[in-house]
Amino acid sequence: MREPGRPKGEAFLVEMRGIERTYTMGDNLVRALCGVDLTIERGSSVAIMGTSGSGKSTMMNIMGCLDQPTKGSYRLDGRDVARLSRAQLADVRGRMIGFVFQSFNLLSRTTALENVEMPLLYQGVPARERRRRAERALEQVGLVGREDHHPNQLSGGQQQRVAIARALVGEAPIIMADEPTGNLDTRTSYEVMAILQGLVGRGKTVILVTHEADIAAYASRVVTLRDGLIIDDRRQAPISAQAALAAAPAAHASAGASP
Ligand SMILES: Nc1ncnc2c1ncn2[C@@H]1O[C@H](COP(=O)(O)OP(=O)(O)OP(=O)(O)O)[C@@H](O)[C@H]1O
Ligand SMILES: [Mg+2]
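Bear in mind that the values here come from a model prediction, so they are computed numbers and not experimental data.

This paragraph deals with the confidence of the model for the chain. Residue-level pLDDT values for the chain average 91, and 93% of them are 70 or greater. Scored below 50 in pLDDT, residues 1–7 shows six contacts in the model against residues more than four places distant or in partner chains. Here residues 253–259 is modelled with pLDDT under 50, and outside its nearest four sequence neighbours on either side it reaches zero contacts, counting other chains as well.

Shown next as structure tokens:
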């Protein structure tokens, strides 16, 4: 039986209407979002761009059920989430969204495998099942053989892949990433984008914030914010990160190296 309030069939995955977010700073009001309307279909990849302070993270936090709007309506997978309690919001978040951050946010004294298992621990999944699913998620991001490494024993790109595996392990349909390539070199950024594109190919919806136009080029849609409003929204044929990766020089290639 479907949940009450959930429309049949083709509801948008994300449906924001008139979203405002105002922060109170002493006597001042900071209007971070000033009326955002945005719908996102399942299986798409959306890059959110805009200058510093334009409201990207604020929008992402609301979209990711980490924060709630001051005004407006937000339906996630057909369900009105703008007025849920904290506990209900956490529940929706856990089922619907995997997060990836610029600074990876891995636990440093914990192995790659344990980092990936973490969300399942909170969900009460039994140990053997946690291990099996975490191993599979690490496999999906090409990290077989690195399960027992701690974050400081992994490269930046490998750490971000662990973070992507952690976002995948709960089988949430949406991956949200705030500047996922912000701390990575060009080639490693391509690797991470290739993984994210692969996930879109398998039906996930990927929503990412980026400052870089060449990263946004891997998405099928680019939404640009300015001063808390969407000022541009365009669809595009994404370029292939896999192809960019193939064309990029190898990480440790040096000039004059023999073939
Ligand atoms: N917790 C907060 N309290 C008060 N003001 C805030 C808070 N978070 C964000 N703001 C303000 O809201 C506006 C939008 O901030 P936001 O973090 O969404 O920008 P952004 O587009 O993500 O910027 P950046 O590219 O630098 O990460 C800014 O003016 C910021 O100062
Ligand atoms: Mg931000």
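This next bit is on unusual backbone geometry. Notably, D77 is not glycine yet its phi reads approximately 55°, a positive angle. Here D77 shows up in the loop between strand 4 (71–76) and strand 5 (79–80). Accessibility expressed as a C-beta count within 10 Å gives 18 for D77, which makes it partly exposed. Its identity as a non-glycine residue notwithstanding, N105 has a phi of 55°, on the positive side. Note that N105 resides in the loop between strand 6 (97–101) and helix 3 (112–122). In this structure N105 comes out as partly exposed when scored by C-beta crowding, with 13 C-beta atoms within 10 Å.

Around ligand 1, the neighbouring residues are Y23, M25, V30, A32, G50, S52, G53, S54, G55, K56, S57 and T58. At the level of elements, strand 1 (14–25), strand 2 (28–40) and helix 1 (56–63) are the ones that each hand at least two residues to the shell around ligand 1. No other element matches helix 1, which puts three residues into the shell around ligand 1.

It is worth spelling out the sheet that holds strand 4 at this point. One open sheet holds the four strands; their spatial order is 2-1-4-5, and the pairing between them is antiparallel. Both edges of this open sheet fall to strand 2 and strand 5, since each of them pairs with a single strand only. Of the strand pairs in this sheet, strand 1 and strand 2 are connected by ten bridges, and their pairing is antiparallel. Bridge assignment links E15 to a residue of strand 2, and that residue is T39.

Attention now moves to the sheet that holds strand 10 (residues 229–235). Pairing is mixed in the open sheet, where six strands are placed in the order 6-7-8-3-9-10. Unpaired on one side and paired on the other, strand 6 and strand 10 mark the two borders of the sheet. Each adjacent strand pair in this sheet contributes to an overall mean axis angle of 15°, direction not counted. The sheet contact formed by strand 3 (residues 45–49) and strand 8 (residues 205–209) spans four bridges and is parallel. Across the sheet, the residue bridging to A47 is L208, located in strand 8. Packed onto the sheet, helix 6 (residues 186–201) meets strand 3, strand 7 (174–178) and strand 8 and runs at close to 145° relative to strand 8.

Right, let's get into the environment of E117. Within the element layout of this structure, E117 appears in helix 3. Judged by the 25 C-beta atoms lying within 10 Å of it, E117 is buried. C-alpha separation for the pair E117 and R131, spaced 14 residues apart in sequence, amounts to 6.6 Å. If we ignore the near neighbours within four places in the chain, the residues touching E117 are R130, R131 and A134.

Packing of helix 3 against helix 5 (residues 156–168) brings their axes to within 7 Å, and their N-to-C directions diverge by 30°. It follows from the interaxial angle that helix 3 and helix 5 lie roughly parallel. Pair helix 3 / helix 5 crosses with right-handed handedness. Mapping the contact onto sequence places A112, N115, V116, M118 and P119 in helix 3 and V162, A165 and R166 in helix 5.

Rules used in this analysis
- Residues numbered from 1 in each chain as written.
- Chains lettered and ligands numbered in written order.
- Predicted model: local features only at pLDDT ≥ 70, side-chain atom pairs only at ≥ 80, totals over all residues.
- pLDDT = per-residue confidence, 0-100.
- Contact = placed C-beta atoms within 7 Å.
- Helix = DSSP H or I, 4+ residues; strand = E, 2+ residues; numbered from the N terminus.
- Buried ≥ 20, exposed ≤ 12 C-beta atoms within 10 Å, placed from the backbone.
- Near = placed C-beta within 6 Å.
- Pairing = 2+ DSSP bridges.
- Axes fitted to C-alpha atoms, helices over the stretch in contact; angles between N-to-C directions.
- Parallel < 35°, antiparallel > 145°, perpendicular 65-115°, else oblique.
- Left-handed = near helix turned anticlockwise from the far one by under 90°.

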